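# Inside the fold
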Amino acid sequence: MKIEDLVDGASIGSMVISLAVGLVAWLGWRTSVGVRRDQVEAEERRRHREMRPVLEVLLGTRGTPEPALLVVKLIGPREVEQYDWIRLAIRDDGKNRTPHGDVTTEAIREQVWGPFRLRPGVDGADREGRAAQQDARAVTDSWLFTVDRSTPPRWYGGGDVEWRKDYAGKPVRLRIEIGLGKRSWSELVEVPTAREVSRKARFAD
């Protein structure tokens, strides 16, 4: 065997070893990056759970027999000083309604199918009285939303009396979303319509 062949073989062997060492180092780096990423994500999930809002949601009055306020009170957690915003929406009663005659999909969507609606244009509510948004509140403070009895659509045959009977004792169904920085939490809540009855809501992740 020639000396040149031995030198070439040694060079190739050295190159293979270098490549193997480099691959092992790269795999180790990639693994450590993955571990750190998993640790960061786990810590973020933990903080998200710890910072989720704890609420008390109820219907209140303004000295009248009829409920007039939807109160969303922040009661925790104490480690969070305040949250940046709330978005609240009235959810329908869950029945499936389809267009018919001159009743359009849009008309069905705009109607609030439930016992109460938000007062349109008041306390951040939209023109249909379905959704509202308000700004920051500190823990122990409350968001207040003025509410009215909902009214039947023009094609409803029973009038106001039958409409109220249909929804007597039915809860106000809500979707509540609260944000803090880049984080947000949302939950579906049902608030009893009986006076002086409340529901505590602890948001899910």
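Rules used in this analysis
- Residues numbered from 1 in each chain as written.
- Predicted model: local features only at pLDDT ≥ 70, side-chain atom pairs only at ≥ 80, totals over all residues.
- Heavy atoms only, no water.
- Helix = DSSP H or I, 4+ residues; strand = E, 2+ residues; numbered from the N terminus.
- Buried < 20%, exposed > 50% of the residue type's maximum accessible area, 1.4 Å probe, protein only.
- Contact = heavy atoms within 4.5 Å.
- Areas by Shrake-Rupley, 256 points an atom, 1.4 Å probe, with all protein chains shown as cover.
- Core = buried A, V, L, I, M, F, W, Y, C linked by side-chain atoms within 4.5 Å.
- Pairing = 2+ DSSP bridges.
- Axes fitted to C-alpha atoms, helices over the stretch in contact; angles between N-to-C directions.
- pLDDT = per-residue confidence, 0-100.
- Phe/Tyr/Trp six-rings, centres within 6.5 Å; stacked < 30°, edge-to-face > 60°.
- Lys NZ or Arg CZ within 6 Å of the ring centre and 35° of its normal.
- Salt bridge = Lys/Arg side-chain N within 4 Å of Asp/Glu carboxyl O.

It is worth spelling out the overall build of the chain at this point. The helix and strand tally for the chain stands at three helices and 11 strands. When burial is assessed residue by residue, the chain has 32% of its 205 residues classed as buried. Contacts spanning at least 24 positions in sequence make up 62% of the contacts within the chain whose residues lie at least 6 apart. Of the accessible surface of the chain, which amounts to about 12,600 Å², a share of 54% is contributed by carbon and sulfur atoms.

Glancing now at the nonpolar core. Counting residues in hydrophobic clusters, the biggest one holds 29 residues, and the most contacted among them are Tyr 83, Phe 145, Leu 174 and Ile 176. A total of five residues in this core trace back to one element, the largest contributor, which is strand β9 (residues 172–180). Of all hydrophobic cores here, the second largest spans five residues; its members include Val 103, Ile 108, Trp 113 and Trp 163.

Another point: the sheet that holds strand β6 (residues 131–134). Pairing is antiparallel in the open sheet, where four strands are placed in the order β6-β4-β9-β10. The sheet terminates laterally at β6 and β10 (183–191), the two strands that pair on one side only. In this sheet, adjacent strand axes meet at a mean angle of 15 degrees when their direction is disregarded. In the sheet, β9 pairs with β10 via nine bridges, with the strands oriented antiparallel.

What follows deals with the pairing of strand β1 (residues 54–60). Most of β1 sits inside the fold, with six of its seven residues counted as buried. Inspection of the sheet shows β1 paired to strand β2 (residues 69–76) by seven bridges, in the antiparallel sense. Each bridged residue has a counterpart across the sheet, and for Leu 55 the counterpart in β2 is Leu 74.

Our focus in this paragraph is the confidence of the model for the chain. A residue-level look at the chain finds 85% of positions with pLDDT of 70 or above and a mean pLDDT of 84. The lowest-confidence element of the chain is strand β11 (residues 198–202), averaging 49 in pLDDT; the highest-confidence one is β6, averaging 98. pLDDT under 50 marks residues 195–199. Its contacts with residues more than four places away, or in other chains, come to 13 contacts.

A separate point is the environment of Thr 61. For Thr 61, the position within the fold is in the loop between β1 and β2. On the accessibility criterion, Thr 61 (31% relative accessible area) is partly exposed. Note: C-alpha distance between Thr 61 and Thr 146 (85 residues apart in sequence) is 9.7 Å.

Right, let's talk about the packing of aromatic side chains for a bit. In this structure the tally under the stated criterion is five aromatic pairs. Centre to centre, the rings of Trp 113 and Trp 155 are 6.3 Å apart; their planes meet at 50 degrees, and the pair counts as tilted. Of this pair, Trp 113 sits in the loop between α2 (105–110) and β5 (116–118) while Trp 155 sits in the loop between β8 (142–149) and α3 (159–167), and the two are 42 residues apart along the sequence. Assessed through its relative accessible area of 6%, Trp 113 is described here as buried. Looking at Trp 155, the relative accessible area reads 26%, which means it is partly exposed. These aromatic residues form a ring-pair network of at least three members: Trp 113, Trp 155, Tyr 156, Trp 163 and Tyr 167. In this structure, Arg 87 is placed above the aromatic ring of Trp 85, and the distance from its NZ or CZ to the ring centre is 4.0 Å. A cation over a ring is seen here: Arg 97 above Trp 113, with NZ or CZ 3.8 Å from the ring centre.

This next bit is on the pattern of salt bridges. This structure, assessed with the given rule, holds 15 salt bridges. We note a salt bridge from Glu 106 to Arg 109, for which the minimum N-O separation is 3.0 Å. You can see Glu 106 and its partner Arg 109 sitting in helix α2, three residues apart, about one turn around the helix. Relative accessible area serves as the criterion here: at 44%, Arg 109 is assigned to the partly exposed category. With a closest N to O distance of 3.5 Å, Arg 175 and Glu 177 form a salt bridge. Shared partners join several salt bridges into a network, and the residues in it are Glu 43, Arg 46, Arg 47, Glu 50 and Glu 79.

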